[in-house]
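Observations on the model geometry
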Amino acid sequence: EGNFLGDFSKGKGKIVYENGDTYFGEWENFKKKGKGRMQLINGNIYEGNFEDDLFEGKGAMYMKEDNKQIEGNWRKGKEKGTFLIFSKNSRYPVKAIFTEGKLQTIVDLEFVEGEDPNKQFIIDSL
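One numbering rule holds for all chains: residues counted from 1, following each sequence as written. Totals for whole chains, interfaces and linings use all residues, but because this is a predicted model, local features are given only for residues with pLDDT of at least 70 and pairs of side-chain atoms are given and counted only at 80 or more. As a rule here, side-chain values cover all heavy atoms of the structure and leave hydrogens and water aside.

Some details on the environment of Ile41
Topologically, Ile41 is positioned in the loop between strand 4 (31-39) and strand 5 (45-51). The buried label goes to any residue with under 20% of its type's maximum accessible area, the exposed label to any with over 50%, and the partly exposed label to all in between, with areas taken from a 1.4 Å probe on protein chains only. On the basis of relative accessible area, Ile41 is assigned to the exposed category, the value being 62%. Separated by 22 residues in sequence, Ile41 and Asn19 place their C-alpha atoms 7.3 Å apart. When residues no more than four places from it in sequence are discounted, the contact partners of Ile41 are Asn19, Gly20 and Asp21. Only runs of H or I of at least four residues qualify as helices and only runs of E of at least two qualify as strands under DSSP, and these elements are numbered from the N terminus. We call two residues in contact when some of their heavy atoms are within 4.5 Å.

What about the packing of aromatic side chains?
Only Phe, Tyr and Trp rings take part, Trp by its six-membered ring, and two of them pair if their centres are within 6.5 Å. Stacked means planes under 30 degrees apart, edge-to-face means over 60, and tilted covers everything else. Evaluation of the coordinates by the stated rule reveals eight aromatic pairs. Aromatic pair Phe50 and Phe55: ring centres 5.6 Å apart, planes at 75 degrees, arrangement edge-to-face. This pair shows no difference in class: Phe50 is buried, exactly as Phe55 is. Their ring planes at 80 degrees and their centres at 5.4 Å tell us that Phe55 and Trp74 sit as a pair that is edge-to-face. With a gap of 19 residues between them, Phe55 in strand 6 (residues 54-63) and Trp74 in strand 7 (residues 68-75) connect regions that are remote in the sequence. Pairwise contacts between aromatic rings join Tyr23, Tyr46, Phe50, Phe55, Trp74, Phe83 and Phe98 into one cluster.

Digging into the pairing of strand 6
With seven of its 10 residues buried, strand 6 lies for the most part within the structure. For two strands to be treated as a pair, DSSP must find no fewer than two bridges joining them. The turn joining strand 5 and strand 6, which pair antiparallel and follow one another in sequence, is formed by two residues; a positive phi near 55 degrees is taken by Asp52. Relative to strand 7, strand 6 is paired through seven bridges, and the arrangement is antiparallel. Paired with Met61 across the two strands is Ile70, which belongs to strand 7. The antiparallel pairing of strand 6 with strand 7 creates a hairpin that spans four residues between the two strands, and Asn67 there sits at a positive phi of about 55 degrees.

Observations regarding the pattern of salt bridges
Pairs may arise between side chains of opposite charge once their charged atoms sit close together. The term salt bridge refers to a pairing of a side-chain nitrogen on Lys or Arg with a carboxyl oxygen on Asp or Glu at a separation within 4 Å. The tally for this structure, following the rule as stated, stands at six salt bridges. Residue Glu28 is joined to Lys33 by a salt bridge in which the shortest nitrogen-to-oxygen separation is 3.7 Å. Take Glu28: its relative accessible area is 27%, and that puts it in the partly exposed class. The partly exposed category is assigned to Lys33, whose relative accessible area is 31%. In this structure, Glu56 engages Arg75 in a salt bridge whose closest nitrogen and oxygen atoms are separated by 2.9 Å. Here Glu56 is found in strand 6, whereas its partner Arg75 is found in strand 7, with 19 residues between them in sequence. Residue Glu56 is classed as buried on the basis of its relative accessible area, which comes to 18%. A relative accessible area of 42% places Arg75 in the partly exposed class.

These values are about where atoms sit, not about what they do.
If you want it as structure tokens, here you go:
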């Protein structure tokens, strides 16, 4: 459901998948592209940029099971580079480096300059 242009291959709206995952955002050529929000059936939520149906560019993922949120740049659906990890159990975010979706190094375990220690999680905005 939503807004469509031309042959319906481009637009903005909501898609509910057969497995229960939900996407709200922009698409082009019948694929997620641009800004959007993907809520997975397991309770995880990604909000950010998409390209070719994958997480791409700046975005944040709330992980329900761990009650954590990670923010950074995604490449082809995986975490890549420096991310901030926020936990509701910790006052400050953790700075970490990811390669191809795998945590490589914890860089910092203290306040990250410029980050609001009272920052709200994606899940809080539901």
